[in-house]
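Structural overview for review
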Amino acid sequence: MDNKFNNVTGLSSAKKQKWRKFGGWFGKMAMILFVVLILVSISFSWITDYIWMGTVGYRDSFMTILTSKLMLGVVGFLLFSIVTYIMFSWMRKVYVGYFSAEQLPGFINSKKASRLLMLSVALFAGLIGSALVQGVGWEPWLKFLNYEPFGVNDPHFGRDVSFYMFVLPFIEFVLSTILGLAIFFFILEVAFYSVFRMYSKSRSAQLHMGATLAVIGILLAGQHLLEPFHALLTNQVNIVQESVVHGLSYTDDVINNPASYVMAGVAVLGTIWLIISLFRGNWKGMLAPIIVYIAVGILAQGASMIVQNFVVSPNEFSKESPYLEENLNMTRTAYNFENMTEEQHPGADTLDQAMVDRNEDTINNVRINDSRPLLSVYNQLQTFRTYYEFNDIDIDRYEVDGEYEQVFLGARELNTSDLPSQAQTWVNQNLRYTHGYGIAMSNVNETTPQGQPEYMVENLPPEGELQVERPQLYFGEEDYDSVIVNSGVDEFDYPAGDENMSNRFEADTGVPLSGINRALFAINEGSFRMFVSDQVTGDSQLLQTRNIMDRVERIAPFLSYDEDPYIFLRDDGSMAWMIDAYVTEENYPYSEPYSGDDSYIRNSVKVTVDSYTGETTFYVAEPDEPLLKTYQKMFPDMFTTEVPDDVRSHFRYPIDLFKVQSQMYRTYHMTNLEVFYNREDYWEIPTEKYFNEDITMEPYYVTMRLPGAEEEEFVLMTPFTPRNRQNMIAWMGVRNDGENYGEMMIYEFPKQENVYGPQQIENRINQDSTISQQLNLWSQGGSEVIRGNLLVMPIEDTVLYVEPIYIKSSNATSLPEVKQVIIAYQNQIVMEPTFDRALEVLLSRIDPEAEAPEEDGAAEETPDTGAAIESNEVLQEVADLFDQYQQEMSSGNYEEAGRIMEEIQSTLQESRQMQQAPSEPEGENTEGDGESSSSE
């Protein structure tokens, strides 16, 4: 048969032997090549990240994380691989000693083959262990080594908060990792030693299983000993019940914690019992400790339920009072409420002309524009080209000609996906169209006669009251791809009439594409064109990770970031983005979590990203905050302690953090234990009307003078209403300027008096027959009425309410316009075309000494429907022209598109001049028709 097979194949025995050797050699080489490819792919990512982190100035931080991951990866690899090799070696030894050579497969009898197999399995297990340990453990490990004490001890065990945040998580990580590994190995041992009942006949098998059981028992007992600490971190008292207390409760103290110590003892004794029974071959006896362990656990849960149901629940407040107090105090500390200023606000009826005069800067900065419709206006009137886009409208404050002014501003970013299809070439998208251009800025309190924003900075290039010295915007909020600068192609800068201006990148903050860098990053970007293009030179730079959120998360992934970055102007006219960074942590004892398990949050870091260079700086905003100090020890070169004045002056207390604190304060403002327990004084965030829907009010920034302060300042605030009621019970604010940054205050209104809440004001506006009739009139004829943001404006000891009214044509490209402003005060509601006019009318009603406003004819009393119709016609004309403009841009007819844009601007300018023209005096006929020039 063999000869016949050899004849068929034509291969001699010698040749077959050669092929076998070649196959073995080829298999080994393929395995080595596979391992090398894995290592190269991993190291390639590290190399490119290392180069990139060096260009942005955070190579040391990158190396800290990388070395900690490598070290833990080595530890995990050694732990998993060595233990795996020892386990399988022990198993092989047991098998060889128990069976004869004829009964075992050849690879087990062969030391060389079995060792090679065991080594391969051990290496594979080591890789899994390495990935697991370094991936999860690097941050807990670094925090454990560098943690800073909080100086706050828990009231039960007397341990510093840092123990729960940094020490306990790392200990639990180590225990759970080793325990999981031991349980997995024990299951394998049971499976392997079940062959021919080896576990009952082989002493070596019993020793092996007994050693593993001992490790499991000790680790299980260790976990039970840590459970009392966990009682301070949750409100779960058993598997089905929660306590009214977040943190240690009566049931935890009396039942659960003692039961944890009992369970630890049972785990140790039960393990000893198991091992003894295993050696004696008493298999039924091995069930007893397991049954006892489960039974004790069930009894502990049952006792917990009984105590919770029959001891605590009937007299809950009495039993839980000491623990409720600890929950209340520690939660207030975790969310920084203990430093909050709490005062009474009378909500008095004291508004008069003298008060208005004393608070002139507050009145002059009342926001009558709304960022939501304003974004649409900016995108239609200040983009000029389809590839420009405003992603967001932010609010900030500036000193302009010595005046403190609150402003809206947005960045004009580039979106290359909106380029005409024929222009979306590799050169255009990677070399030529590289950046956005400039900002637009407008007053919050001024509008043109057409209801459009009054710009402080506008157009291309930017011009206005503030100077923008470096308007090119390479880094922003868009989902930017990487671009190459300083190439052989001049970069498009901005359109100027019929021609396009060009620009060259002047910084050196990109990745140099010289030498090996070009090949590395061509592979990293997946761009063969980058490698071969003759437009890419030795002077070229790659600007990578240009989305500012991706950028900061790539540099410092251990921080949490606010979702609303905002752009600002430095004193030198350069632009930068400000991003609020949070340090957050779980395991603050007794503190109720605000989201998931996170129970501690601080805005300890402010990040700036230069919009031109991409230079990223992490500024220390709270130098004494313990969690930030821990990060500073971990990354000593990352954080900058000295904050320039032109950066600090644009610090804003972040809305996301303020929302978390206001959410928690709704409950934790109650310091009386019985009131807190019953939630008798629970507060809610009020609602307001936007369009025709009732929505929850968002916190908002106002410029105001706080009671007792000498000048106006930037304040973030939100009102509160009682549960199921609409009257205003309090307002909460936080200061933003100078040394007062971050100071929180709460002003409570008298509970025995009614102070109108936002929704009550909205309802009263709806019920006002004159106003509702006028709004209904506007909503006819294809227009929409937009109810803007309702502002609650505390002024000294009283409260004013302001709401802008926008009119928007139903056309998709129409421009929302501020047509009226509503002011409400006490029982008075006034709607007029301007804020100043509305305030004058209001004062004339409530202050006998205030001068009555001059009558401007019926047009000032009611909306000018003729003007409204004319305005809608202009809007429709502009909308049609804008549609034509977009079509020409899409077709690549830039010259025609530029002509249409000029026509749009001319139309708007003519409309503005016509509406600004003075009305003819009453009684003077026009063209002999005998009618007055003012319309009813």
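Everything numeric in this text was worked out from a predicted model, so none of it was measured.

Summing up its helical and strand segments, the protein has 28 helices and 32 strands in all. Out of the 936 residues in the protein, the part that is buried amounts to 51%. Partitioning the intrachain contacts of the protein with sequence separation of at least 6 by distance along the chain shows that 66% fall at a separation of at least 24. With the model as given, the accessible surface of the protein reaches about 42700 Å², and the carbon-plus-sulfur share is 53%.

Below, the discussion takes up helix H9 (residues 250-280). In this model H9 runs 44 Å from its N-terminal to its C-terminal C-alpha over 31 residues, within 8% of the 45 Å that 1.5 Å per residue would give. Of all the bends in H9, the greatest reaches close to 35 degrees and is centred on Asn256; the proline Pro258 follows between one and four positions later. Backbone geometry just after H9 places Gly281 at a positive phi near 75 degrees.

Formed by 179 residues in total, the largest nonpolar core has its most connected members in Met441, Phe558, Leu559, Tyr561, Phe618 and Phe639. Here the element with the most residues in this core is helix H6 (residues 161-192); it accounts for 15 residues. For Met441, the contacting residues outside a window of four places in its chain are Tyr378, Tyr398, Val407, Phe408, Leu409, Glu454, Tyr455, Met456, Val457, Leu466 and Leu569. Grouped together as the second largest cluster of nonpolar side chains are 55 residues, Met728, Met745, Val799 and Ile822 included.

This next bit is on the packing of helix H5 (residues 111-146) against H6. Where H5 meets H6, the axes come as close as 8 Å, and the angle between the chain directions of the two elements is 150 degrees. Helix-helix and strand crossings are classified by hand; for H5 and H6 the assignment is left-handed. Each of Val133, Val136, Gly137, Pro140, Trp141, Lys143 and Phe144 in H5 lies in contact with H6, whose residues at this interface are Phe166, Val167, Phe170, Phe173 and Thr177. Tallied by class, residues from the contact of H5 with H6 come to nine nonpolar, two polar and one charged.

Our next topic: the side chain of Asp847. Locating Asp847 in the fold gives a position in the loop between helix H25 (835-846) and helix H26 (858-861). Although buried, Asp847 forms no salt bridge, and the nearest oppositely charged side chain, Arg358, lies 9.5 Å from it. A polar contact of 2.9 Å, which involves the side chain of Asp847, links it to the backbone nitrogen of Gln353. Non-local contacts of Asp847, meaning those with residues more than four positions away in its chain, are made with Asp352 and Gln353.

All told, the structure shown has 40 aromatic pairs when counted by the stated rule. Each residue in the set Tyr335, Phe337, Tyr594, Tyr665, Trp683 and Phe720 is aromatic and connected to the rest through ring pairs, giving one cluster. Against the face of Tyr50 rests Arg59, its NZ or CZ located 4.4 Å from the ring centre. Stacked on the ring of Tyr612, the Lys or Arg Arg470 has its end atom at 4.1 Å from the ring centre.

Here we come to the pattern of salt bridges. Enumeration over the complete set of coordinates arrives at 24 salt bridges. A salt bridge links Arg554 to Asp49; the nearest nitrogen and oxygen atoms lie 2.9 Å apart. Here Asp49 lies in helix H2 (residues 13-56) and Arg554 lies in helix H18 (residues 548-555), a separation of 505 residues in the sequence. On the basis of relative accessibility, which here comes to 27%, the residue Arg554 falls in the partly exposed class. Taking the relative accessible area as the measure of exposure, Asp49 reaches 22% and is therefore partly exposed. Taken together, the salt bridges that share partners define one network made up of Glu139, Lys143 and Glu585.

Before going further, it helps to examine the pairing of strand S12 (residues 499-503). Pairing between strand S11 (residues 491-496) and S12: five bridges, direction antiparallel. Across the sheet, Tyr494 pairs through a bridge with Met501, a residue of S12. With antiparallel pairing between neighbouring strands as the criterion, S11 and S12 make up a hairpin whose turn holds two residues, including Gly497 at a positive phi of roughly 65 degrees.

Quick look at helix H21 (residues 655-668) now. Helix length check: H21, at 14 residues, gives a terminal C-alpha distance of 19 Å against a target of 20 Å (1.5 Å per residue), a fit within 8%. With ten of its 14 residues buried, H21 lies for the most part within the structure.

With that settled, consider unusual backbone geometry. Each neighbour pair has its own omega, and for Leu460 with Pro461 the value is -10 degrees, a cis peptide bond. Following the sequence through the fold, Pro461 ends up in the loop between strand S7 (453-458) and strand S8 (463-464). Despite not being glycine, Asp401 shows a phi value in the positive range, around 55 degrees. For Asp401, the position within the fold is in the loop between strand S3 (394-400) and strand S4 (403-414). What makes Asp401 exposed here is its relative accessible area of 73%. The phi dihedral of Tyr590 falls on the positive side, at around 70 degrees, and the residue is not glycine. Tracing the backbone through its elements, the reader meets Tyr590 in the loop between strand S17 (575-586) and strand S18 (598-610).

Here we take up the sheet that holds strand S14 (residues 541-543). The three strands lie next to each other as S10-S14-S13, forming an open sheet whose pairing is antiparallel. Either end of the sheet is taken by a strand with one partner, and the two such strands are strand S10 (483-485) and strand S13 (511-512).

Residues Leu287, Ile290, Ile291, Ile294 and Ile298 make up a contiguous nonpolar surface patch of roughly 490 Å² in combined accessible area. Tracing the backbone through its elements, the reader meets Ile290 in helix H10 (residues 283-312). Accessibility expressed as a relative area gives 41% for Ile290, which makes it partly exposed.

Another aspect to go through is the packing of H6 against helix H8 (residues 203-230). For the pair H6 and H8, the least separation of the axes is 9 Å and the interaxial angle reads 150 degrees. With respect to H8, the element H6 is oriented roughly antiparallel. Crossing hand, H6 versus H8: left-handed. Of the residues that constitute the contact of H6 with H8, the class distribution is 19 nonpolar, six polar and two charged.

Moving on to the pairing of strand S22 (residues 687-690). Successive side chains on a regular strand alternate, one facing one side of the sheet and the next facing the other. Sheet topology places S22 next to strand S23 (residues 693-696); four bridges connect them, and they run antiparallel. Within S23, the residue paired with Tyr690 across the bridge is Glu693. If you look at the hairpin formed by S22 and S23, you'll find two residues sitting between the two strands, and Phe691 has a positive phi there, around 55 degrees.

In this section: the environment of Gln759. Structurally, the position occupied by Gln759 is in helix H23 (residues 758-767). The buried category is assigned to Gln759, whose relative accessible area is 5%. C-alpha of Gln759 to C-alpha of Leu790: the two residues are 31 residues apart in sequence and 9.3 Å apart in space. Excluding its chain neighbours within four sequence positions, the residues that come into contact with Gln759 are Thr687, Glu688, Asp694 and Gln726.

Considering the arrangement of structural elements, one finds Arg666 in helix H21. Expressed as a C-alpha distance, the spacing of Arg666 and Tyr682, which sit 16 residues apart in the sequence, is 5.8 Å. At a separation of 3.3 Å, a polar atom in the side chain of Arg666 contacts the main-chain carbonyl oxygen of Gln663.

Analysis parameters
Residues numbered from 1 in each chain as written. Predicted model: local features only at pLDDT ≥ 70, side-chain atom pairs only at ≥ 80, totals over all residues. Heavy atoms only, no water. Helix = DSSP H or I, 4+ residues; strand = E, 2+ residues; numbered from the N terminus. Buried < 20%, exposed > 50% of the residue type's maximum accessible area, 1.4 Å probe, protein only. Contact = heavy atoms within 4.5 Å. Areas by Shrake-Rupley, 256 points an atom, 1.4 Å probe, with all protein chains shown as cover. Expected span 1.5 Å × (residues − 1). Bend = angle between axes of the 7 residues up to and from the residue. Core = buried A, V, L, I, M, F, W, Y, C linked by side-chain atoms within 4.5 Å. Axes fitted to C-alpha atoms, helices over the stretch in contact; angles between N-to-C directions. Left-handed = near helix turned anticlockwise from the far one by under 90°. Nonpolar A, V, L, I, M, F, W, Y, C, P; charged D, E, K, R; others polar. Lys, Arg positive; Asp, Glu negative; His and termini not counted. Salt bridge = Lys/Arg side-chain N within 4 Å of Asp/Glu carboxyl O. Polar contact = N/O pair within 3.5 Å; in protein donor to acceptor, adjacent residues only side chain to side chain. Phe/Tyr/Trp six-rings, centres within 6.5 Å; stacked < 30°, edge-to-face > 60°. Lys NZ or Arg CZ within 6 Å of the ring centre and 35° of its normal. Pairing = 2+ DSSP bridges. Patch = residues over 30% accessible without salt bridge, like charges linked within 9 Å, V, L, I, M, F, W, Y side chains within 5 Å. Parallel < 35°, antiparallel > 145°, perpendicular 65-115°, else oblique.

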